[in-house]
Amino acid sequence: MRSDITSQSAAIFAANRARGAVRFDVARIDGVTRRRELHEAGSLRVRFPSPEDDGLSAVLLNTAGGIAGGDRFDIDIASRNDARLTVTTAAAEKIYRADSAAAELNVTLKAQGRSHLSWLPQETILFDRAKIHRRFEIDLSKDASLLLCEIVVFGRLAMGERMQAGEFVDRWRLRRGGRLVFAENVRLDGDIGGKLASQAVAKGGVAIGTALIVPGDETLVERIRGASDAFGGEVGISAWNGFAMARFCAQDAARLRADMMAVLGRASGSALPRLWLN
């Protein structure tokens, strides 16, 4: 009897997991970036505000209200033929406690034919005992460009919340001209709070971030380092393999967000999404 009840509970849990997918591509047509094919499924949606110039903005929305254990979301975006696309999110994404299976988030980004893609979501916030497996697959042609940022917050200190335990697995792969130029796997699990407190990991910081800029070189690195006096957290930046990367760590999300905005402002002549400024 007990095994029957357990099986029924597992089936109910699986049936109530959120699923969402968004897939679309854009191209430059008659001098303006326009949306072409679009596919939406489940609780994931995308909206396109009125463009402010010849580029296009896309805003991702998760109508499930957050991500919980066992949920899965897939995002596939392509920019082609001189297009300029900026993608952001309507709000910070929240990853809630998971009692069993981890949530999955898979992001595929492609930029081809002298196009530019900016991936600038707002923060990802992990609550205590959250579990998330995240995967980025990025494919650029040699003449395309990319501006990407990701911020992860392990608990909202302003709300008296800390992430003590859970699982955060992050896999990134960047290819340029068909060649793998960057690969990274990050895994934080178990006593995450204790690990972040370590001097060798985050020195008690609860917010980390990454900015990836393609193309990027030492000239760009020096330009960004010119803002170092204003940084509120730790920021390190370097360039290799034709791209630049900045790493961030701060004691709270607001401080890291300010540092990220300073770096992105120097890395790109384009304005940040208006949702970032609210």
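Below, the structure is looked at part by part. Given the structure is predicted, the values throughout are model-derived calculations rather than measurements. (Residues numbered from 1 in each chain as written. Predicted model: local features only at pLDDT ≥ 70, side-chain atom pairs only at ≥ 80, totals over all residues. Heavy atoms only, no water.)

A few points about the state of the cysteines
- Enumeration according to the criterion identifies 0 disulfides in this entry.
- Cys-149 carries a free sulfur, and the closest cysteine sulfur to it, the one in Cys-249, is 16 Å from it.
- Among the residues examined, Cys-149 registers a relative accessible area of 0% and is labelled buried. (Disulfide = S-S within 2.5 Å. Buried < 20%, exposed > 50% of the residue type's maximum accessible area, 1.4 Å probe, protein only.)

Some words on the pattern of salt bridges
- Enumeration according to the criterion identifies 23 salt bridges in this entry.
- Notably, a salt bridge pairs Asp-76 with Lys-110, separated by 2.9 Å at the nearest N-O pair. A residue pair is termed long-range when its members are at least 10 positions apart, and Asp-76 in strand S5 (residues 72–80) and Lys-110 in strand S8 (residues 103–111) qualify at 34 residues.
- The exposure class assigned to Asp-76 is partly exposed, which follows from its relative accessible area of 23%.
- Across the pair Arg-175 and Glu-137 runs a salt bridge whose closest N-O atoms are separated by 3.3 Å. (Salt bridge = Lys/Arg side-chain N within 4 Å of Asp/Glu carboxyl O. Helix = DSSP H or I, 4+ residues; strand = E, 2+ residues; numbered from the N terminus.)

Focus on the packing of helix H3 (residues 218–225) against helix H4 (residues 253–267)
- Running from N to C, H3 and H4 point in directions that differ by 135°, and their axes come no closer than 9 Å. For the element pair H3 / H4, the angle class is oblique. Crossing angle aside, the handedness with which H3 passes H4 is right-handed. Every residue of H4 that contacts H3 at Leu-220, Arg-223 and Ile-224 is listed here: Val-263, Arg-266 and Ala-267. (Axes fitted to C-alpha atoms, helices over the stretch in contact; angles between N-to-C directions. Parallel < 35°, antiparallel > 145°, perpendicular 65-115°, else oblique. Left-handed = near helix turned anticlockwise from the far one by under 90°. Contact = heavy atoms within 4.5 Å.)

Digging into the sheet that holds S5
- Pairing within the open sheet is mixed, and its 7 strands lie in the order S2-S1-S5-S8-S11-S13-S14. Single-partner strands in this sheet number two, and they are strand S2 (32–42) and strand S14 (179–190). Across the sheet, the axes of successive neighbouring strands diverge by a mean angle of 5°, strand direction being ignored.
- Two elements, strand S11 (residues 131–140) and strand S13 (residues 166–176), share 10 bridges in a ladder whose sense is parallel. Residue Phe-136 lies in a different strand from S13, and its bridge partner there is Trp-172. (Pairing = 2+ DSSP bridges.)

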